Amino acid sequence: LIIFPLLLQKPSKSSKAKDHVAHLERRLQLWKDGEIEKLARECKSIQDRLLKSKYSPGHHNKVFTRLMLLGKVSAALRWNGSQRSKLLDTSPTVIQELIKKHPESSPSLESSLMKGPIEEVDNVIFDSIDSSRIEKVARDLSGSGGPSGTDAETWQHILCSKQFKKKPELLKEAVAVLARKLCCQKIQPDHLKTYIAGRLIPLDKDPGVRPIGIGEVLRRIVGKAVMTTLKQDIIMNTAPKQLCGGLQGGVEAAIHAVRKIFEEESTEAILLVDAENAFNALNRNTALRNLRYTCPELFTYILNTYRQEANLFISNSDDHLQSQEGTTQGDTCALGWYALSLMPLLREVQVKQTEPETEPESDREPNTYPKQVWYADDSAAGGKLDQLTKWWEDLKDHGPMYGYYPKPSKTWLIVKPEHATKAKELFPDVQITTKGHRYLGSYIGSEEGVKEFILKETESWKADILGLVEIAANEPQLAYSAFIYGTSKRWNFVCRTTPGISDHLKHLEYCVKEDFIPAIMGKSFVPDQIRKIASLPARMGGLSIPDCTSTAEMEYTNSVNATKQLTEAVFQQLTTFQLNEELQHDIISEVKKRKEELYKHQRETIMNEVSPSTQRQLELLSEKGASIWLSTLPLKACGYVLNKQEFFDALSLRYNLTLSTANRSPLCVCGKQNHINHTLTCKIGGYVALRHNSLRDTIAELLTTVCKDVETEPQLLSVPPTLKL
C-alpha cells in the first residue's frame, strides 16, 4: 500500500519528466533491495521542505474550479457556499475530542448475545467476486486516499487503463482473490494491520469536532465488492425494520412512514431519538458475535477486518489513535454492518403486530408498543404517549448493551397540541414541541413548523446559489454543471419528502431567476420567456433548471408512489419484506410517464406563446444530440471545457439572444455588418474554414488509429500574380 507514495514522490516542484524516470528507476531498485526505510527517509526529507500553501481570498473558488475540471462535483461543492467545510488545527484540545469520540473496547453482556444454531455458509457464493466486479466497483469509486495517500483516481488508472496491456487484468484478479480469501478464511490479524488503517480528519462541527475517516482505497474497493455481492442477504435480514441496509429509496420511505404514522388519528406523538456518538460507540464484541446469526455470509469478512484495533492517523499531525469500538471510519461495509448489529435491539423493543385475520378483534391483546422506524442510528416511534413512554424506557435500558446510547437532550417529542400537558409529565428529560422537528433532512410537524424549516433552509440554498454566481463571473460552464448535478439536488430531496411547500419556495425561485440564470448567460437580467424555456430539460431545448414552485408537489407525489411498497411495510410493522419487482417496475414507469407528459405540456404551452422564429429554434434544439454539449460534465482531460466568452456566446446563439460586443467588432473583415448569420456564412471571416478544418482534423484523428502516415494538408501560401508557374 505504501509503494505508490514512496516511488512516485516528485523530487522537487520544478522537476522534469526525465528526472522522474531516473528517480523512479533508482527507487525501484531500492524497493527490490528491501531498503524501505531509506526510501521513507528520502520522501520525508522532500515533504518536510515543501512550503505550506497559504489561503488567498479566492482560494475556495480555485479549488472548486480544479475539482470541477476533474469531474468531481460532490467534492467541488464542499468548497462552495454553505457547504464549505472548515478543517480544524490539530491542537491538544482537538486531539482530546477525537480520543473521546473513539472509546475503548467494552465487554459483551450475556443478555445481549444471540443464541442458537449457526447457519453454515457455502463459500461458492463469493465466486462472483471476479475481475469484472472489481473493475466495476473501482470505476464507481471516488475520493482521496488513506494513510498511504493513494487516491481512488490512481487505483482506477492502474486497474482500468488499457495503457498497461495485460497487467491491469492480473491486478484485478489478484484483488478479487484477496476479497474472496477475506470472505472465506480467517486471516492472521497482524497481516491486515496496514489494510485496515485509516486517516482521520477533524472538521469543525460548530460547536464541537466531527471526525471524518478515510480508509485505504484498496479496502474500500474490496469492501464494496463484498457488499454488492451480499446486498440481497443484508436487505433480507434487515428490511423493513432497518432501512439503511441497501434498499433503494430507504431514506425517503422512512420519512414517508413517520409522517404517515404521525398523521394517523390514533397517534398522539412521535419520538425522534438521537444517539450519542452512534457509529463509534457500537459494542464491537457484541456486534461481531451476533453477526453469525444476523448475517452469517458477512461474518468472516467483518471478523477479519474488525477483530483487532485499527490505527487512525490524524491529518497534519504525528499523533494517531486506535479504533477499538464501533465501526471504523472510512469502511464501505460500516453502514450495512451497523444495520445488522442493531437488529437484536430492534427485536428487544418491538413486539409482533397481531395479524387482523388470525383472531377476532375482541380477543386481541392491546399492543403495548408504538410503531417504530429505523434508519441507521436515527430511530423514531409513534403512537400513544403511554406506549412511547414504555418504548423510550426500554430503549434506554437495552440500548447501551449494544452500544446504542440515546441522548435525551437531543431527543425530540413531536406531540399533538391537545396532548402537550400529558407529554410534559411523561417525558421530563426530552425536548417537546407541538410545531415539529427536522427528521432525516425533511420535516415532520405542523404547517407553521414546515414553513419555518423551509425558510431557514432557503437561506442556506441561496448562499450556495450566490456562491455559484460568484464563480460564474469567470467560469459559467462550471457553475452551471455544479448547479445541475449537485446544488439543485439539495432542495429537490426536500421537495420529494415534504408536502405542501410550493408557496414557501418563491424566494428560492426568485434567486434562481434573478441571480443565477443571468450570471451563467452573461446578462443583467433574463425575460420571463427565457425562464420558462430554461425550466425544460436540455433535450427539449431548455437548461434543465426547473421552477421548484411548480414541480415540488409532483416530486413529492412521485416519491410517495415510488416508495409505496416499502412505506406500507414499515407502517404495518411487518417483520419481513419482499419487493414486488413487477409492480415496482410498473410504478416507476408510470412516474416517468407522468413526468414526461408534464414536460411535454409545458413545452406545448411555451410553443403557443413564443414567436415562430423561437418555435423553430426550440424544434432544432430538441433534435437528438443537439444539447449534449450542455449536459456533459466540463472535463478538461476530454476537451469539454468552454471559456467564459464561449459559454456566454453558445447560450446566446442557443436562444437567439444578442451577442456581447465586448470582444467582437461590429464590422466583418469583408466590410459588412457583423451579425450572426453573416458571421456563419462569410467566406472571408474564417468560420467557414474553421468548420471545414474541424471536420478534417476529426477524420484525420480517426484514420491514425487504423492507417499509417496520415497527415493533414498544410496551409498553402497564396501565389503572387506575377509569378509564372
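Structure: see above.
Residues numbered from 1 in each chain as written. Predicted model: local features only at pLDDT ≥ 70, side-chain atom pairs only at ≥ 80, totals over all residues. Heavy atoms only, no water.

### Quick word on helix α12 (residues 250-263)
To keep things clear, this is the line we draw: Per the convention used, a helix needs a DSSP run of H or I reaching at least four residues, while a strand needs a run of E reaching at least two, with both numbered from the N terminus. In this analysis, the expected span of each helix is defined as 1.5 Å times one less than the number of residues it contains. Summary of the burial criterion: residues with accessible area below 20% of their type's maximum are buried, those above 50% are exposed, and those between are partly exposed, where the area comes from a 1.4 Å probe applied to protein chains only.
In a regular helix each residue adds 1.5 Å, so 14 residues correspond to 20 Å; α12 covers 20 Å between its end C-alpha atoms and thus fits that length. The element α12 is extensively covered by neighbouring structure, given that 11 of its 14 residues are classed as buried. Inspection of α12 places G250, E252, A253, A254, I255, H256, A257, V258, R259, I261 and F262 among the buried residues, and these make up the whole buried set.

### Thoughts on the sheet that holds strand β5 (residues 320-323)
Under the convention used in this document: Only strands joined by at least two bridges in the DSSP assignment are considered to pair. Think of each axis as a best-fit line through the C-alpha atoms, taken over the contacting stretch in the case of a helix, with angles from 0 to 180 degrees between the N-to-C directions.
Judged by pairing direction, the sheet is mixed, and its four strands sit side by side in the order β2-β1-β4-β5 without closing on themselves. Edge positions in the sheet fall to β2 (209-215) and β5, since each has one partner strand and no second. Neighbour to neighbour, the strand axes of the sheet diverge by 35° on average, direction disregarded. Note that strand β4 (residues 310-314) and β5 share four bridges and pair antiparallel. Residue pairing across strands places A310 opposite S323, the latter belonging to β5.

### Here we look at the side chain of S161
Stated formally: Definition of a polar contact: a pair of N or O atoms within 3.5 Å, with one able to donate and the other able to accept a hydrogen when the atoms are protein atoms, and with sequence-neighbouring residues admitted only if both atoms are side-chain atoms. We call two residues contacting when some pair of their heavy atoms lies within 4.5 Å.
Tracing the backbone through its elements, the reader meets S161 in the loop between α8 (152-160) and α9 (167-184). Within the local environment of S161, its side chain forms a polar contact with the backbone nitrogen of Q163, the two atoms lying 3.0 Å apart. Not counting the four nearest positions on each side in its chain, S161 is found in contact with Q156 and P168.

### Section: the sheet that holds strand β3 (residues 269-273)
Pairing within the open sheet is mixed, and its five strands lie in the order β6-β7-β3-β8-β9. The open sheet has two edge strands with one neighbour each: β6 (371-375) and β9 (431-433). The average undirected angle you get between the axes of adjacent strands in this sheet is 15°. Summarising the sheet, β6 and strand β7 (residues 378-383) pair through five bridges and their orientation is antiparallel. Across the sheet, K371 pairs through a bridge with G382, a residue of β7. Across the sheet, α12 touches β3, β6, β7 and β8 (412-415), and the angle it forms with β6 is around 160°.

### Points about the packing of helix α11 (residues 231-238) against helix α16 (residues 334-341)
Worth spelling out the cut-off: Note on angle classes: values under 35 degrees are labelled roughly parallel, values over 145 roughly antiparallel, values of 65 to 115 roughly perpendicular, and the remainder oblique. Each crossing gets its hand from how the near helix is turned against the far one by less than a right angle, where anticlockwise is left-handed and clockwise is right-handed.
It is at 9 Å that the axes of α11 and α16 come closest, and there the two elements cross at 30°. In terms of axis orientation, α11 runs roughly parallel to α16. Judged by the sense of rotation from one axis to the other, the crossing of α11 with α16 is left-handed. Across the interface between the two elements, I234, N237 and T238 from α11 touch G336, A339 and L340 from α16.

### Here's the deal with empty space enclosed by the protein
Applicable threshold: Here the term cavity refers to a set of points on a 1 Å grid, laid over the protein atoms alone, in which a 1.4 Å probe fits but cannot get out; the term pocket refers to an open set having protein on both sides within 12 Å along at least five of seven lines, with lining residues being those that place an atom within 4 Å of a point. Grid points are joined across faces, edges and corners, and a volume is the space filled by probe spheres set on the points. Note on residue classes: Ala, Val, Leu, Ile, Met, Phe, Trp, Tyr, Cys and Pro are nonpolar, Asp, Glu, Lys and Arg are charged, and everything else, Gly too, is polar.
As enumerated under the stated definition, the model contains one cavity of 30 Å³ or more in all. Roughly 60 Å³ of volume is contained in the largest cavity. What lines the largest cavity is simply P240, K241, L346, Q350, Q372, W374, A569, V570, Q573 and L574. Class assignment for the residues of the lining of the largest cavity results in six nonpolar, three polar and one charged.

### Observations regarding the environment of C160
Examined against the element boundaries, C160 turns out to sit in helix α8. Owing to a relative accessible area of 15%, C160 belongs among the buried residues under this scheme. Sequence-wise, C160 and S144 are 16 residues apart; in three dimensions their C-alpha atoms are separated by 18 Å. Sequence-distant contacts of C160, defined by excluding residues within four places in its chain, comprise E135, A138 and R139.

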